[in-house]
Amino acid sequence: MNVPSFYIPEAIVAIVLALIVCFFGYKLKKIGLFIIWFIIGYSLGKMIPASAVNNDQLWMTVLPLATGLLASMLSLSIERFCVSLLAGTVTFFATMNLVFHGAYVFMPNVVIAIAIAVVFGCVAAACIKPMTIIITAIGGAYYAATSAVAAFPAIAIANLPMALIITCILATLGMVFQFSNNRGKA
């Protein structure tokens with residue numbers, strides 16, 4: 001399988017950013033929450049149909065930026081909820097893709113993944129520092145691994161098992177690094 005060359009620079013940037021999140025996620029928590037929730041809000045703003053703003057190009061540009069800014073500001077004020085929601089979301093997608101091999105149509109898999117995600121999200125709300133470290137390490141490792149496997153298929157004998165192996169190794173290294181560098185910090 002040949003990967004178009006224009007994907008390679010994007011994949012390298014994605015991998016670098018994912019590794020930064022994997023190894024420095026807790027230290028960059030506020031910046032990360034701001035950026036993540038800005039992207040979520042911006043994406044939601046882009047979903048508003050053009051007919052809702054009378055096909056006005058200015059509103060089609062301003063509205064996603066405004067919803068992105070609003071979402072990012074809210075994320076900083078309700079940090080515990082946002083970390084919990086991100087932990088649940090990352091857990092759901094990691095469970096569905098790595099454990100159940102992306103079988104979204106098989107309902108028991110979805111129910112099990114949702115149950116695991118809800119539990120993980122509640123635990124994240126209760127112990128925010130360790131869960132922030134764990135979820136940033138796992139999330140960054142997962143994104144780096146899947147980006148590497150997608151962009152450089154030559155490294156993967158079977159894409160899914162290789163992504164799982166890379167995710168586990170990077171997540172473990174990321175957690176150890178973050179826990180050792182954030183002792184005693186609130």
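The structure we're discussing is the one just above.
Below is a short write-up of the structure. Since the model is a prediction, treat every value here as computed from it, not as a measurement.

## Focus: the overall build of the protein
For the protein, the count of helices and strands is 7 helices and 0 strands. For the protein, the sequential pattern of α-helices and β-strands runs α-α-α-α-α-α-α. Scored against the burial criterion, the 186 residues of the protein give a buried share of 36%. By sequence separation, contacts in the protein at least 24 residues apart represent 73% of the contacts at least 6 residues apart. For the protein, the accessible area works out to roughly 10,700 Å², and carbon and sulfur atoms hold 78% of it.

## So, helix H5 (residues 107–126)
Along its 20 residues, H5 runs 29 Å from first to last C-alpha, staying within 8% of the 28 Å computed at 1.5 Å per residue. The set of residues buried in H5 consists of Asn109, Val110, Ala113, Ala117, Gly121 and Ala124. Across the axial projection of H5, the buried residues extend over an arc of 95°, all falling on one side. Projecting away from the buried face of H5 at angles above 90 degrees are the exposed residues Met107, Val119, Cys122 and Ala126.

## Description of the side chain of Thr91
Among the structural elements, Thr91 can be located in helix H4 (residues 79–99). The exposure class of Thr91 is buried, given its relative accessible area of 10%. With sequence-adjacent residues up to four places away left out, Thr91 is seen in contact with Ile116, Ala117, Phe120 and Ile135.

## Thoughts on the layout of surface pockets
Estimates place the volume of the largest pocket at around 1,100 Å³. As for the largest pocket, its lining consists of 30 residues, and the residues nearest its centre are Val21, Gly32, Ile36, Gly139 and Gly140. Within the residue set of the lining of the largest pocket, elements represented by two or more residues are helix H1 (7–24), helix H2 (29–46), H4 and helix H6 (128–151). Looking at the lining of the largest pocket element by element, the count peaks at 9 residues for H2. Taken together, the residues of the lining of the largest pocket break down into 20 nonpolar, 9 polar and 1 charged. Of the pockets and cavities examined, the second largest pocket occupies roughly 210 Å³. Along the wall of the second largest pocket there are 17 residues; nearest its centre are Ala94, Thr95, Leu98, Ile138 and Thr167. At the level of elements, H4, H5, H6 and helix H7 (159–181) are the ones that each hand at least two residues to the lining of the second largest pocket. Residues belonging to the lining of the second largest pocket are distributed by class as follows: 13 nonpolar, 4 polar and no charged.

## Thoughts on the packing of H5 against H6
In contact at an axis separation of 6 Å, H5 and H6 are set at 130° when each is read in the N-to-C sense. In terms of their interaxial angle, H5 and H6 are classed as oblique. Contacts between H5 and H6 involve Phe120, Val123, Ala124 and Ala126 from the first element and Ile128, Met131, Ile134 and Ile135 from the second. Its residues assigned to classes, the contact of H5 with H6 shows 8 nonpolar, no polar and no charged.

## Let's talk about the environment of Ala148
For Ala148, the location among the structural elements is in helix H6. Of the residues examined, Ala148 reaches a relative accessible area of 12% and is grouped as buried. Put simply, Ala148 and Ala14 are 134 residues apart on the chain and 8.8 Å apart in space, counted from C-alpha to C-alpha.

## Details of the packing of aromatic side chains
Applying the stated criterion across every chain, the model contains 4 aromatic pairs. Measuring from ring centre to ring centre gives 6.1 Å for Phe38 and Tyr42, while their planes differ by 25°; the resulting arrangement is stacked. Placement of the pair is Phe38 and Tyr42 together in helix H2, with a separation of 4 residues, close to one helical turn. A centroid spacing of 5.2 Å and a plane angle of 80° characterise the contact between Phe92 and Phe93, whose relative ring orientation is edge-to-face. Above the plane of the ring of Tyr26 lies Lys129, whose end atom (NZ or CZ) is 5.7 Å from the centre.

About the cut-offs
- Residues numbered from 1 in each chain as written.
- Predicted model: local features only at pLDDT ≥ 70, side-chain atom pairs only at ≥ 80, totals over all residues.
- Heavy atoms only, no water.
- Helix = DSSP H or I, 4+ residues; strand = E, 2+ residues; numbered from the N terminus.
- Buried < 20%, exposed > 50% of the residue type's maximum accessible area, 1.4 Å probe, protein only.
- Contact = heavy atoms within 4.5 Å.
- Areas by Shrake-Rupley, 256 points an atom, 1.4 Å probe, with all protein chains shown as cover.
- Expected span 1.5 Å × (residues − 1).
- Arc of directions from axis to C-beta.
- 1 Å grid on protein atoms, 1.4 Å probe; cavity = no way out; pocket = protein on both sides within 12 Å on 5 of 7 lines; lining within 4 Å.
- Points joined across faces, edges and corners; volume = space filled by probe spheres on them.
- Nonpolar A, V, L, I, M, F, W, Y, C, P; charged D, E, K, R; others polar.
- Axes fitted to C-alpha atoms, helices over the stretch in contact; angles between N-to-C directions.
- Parallel < 35°, antiparallel > 145°, perpendicular 65-115°, else oblique.
- Phe/Tyr/Trp six-rings, centres within 6.5 Å; stacked < 30°, edge-to-face > 60°.
- Lys NZ or Arg CZ within 6 Å of the ring centre and 35° of its normal.

From the geometry alone we can't say anything about function, so treat these as descriptive.
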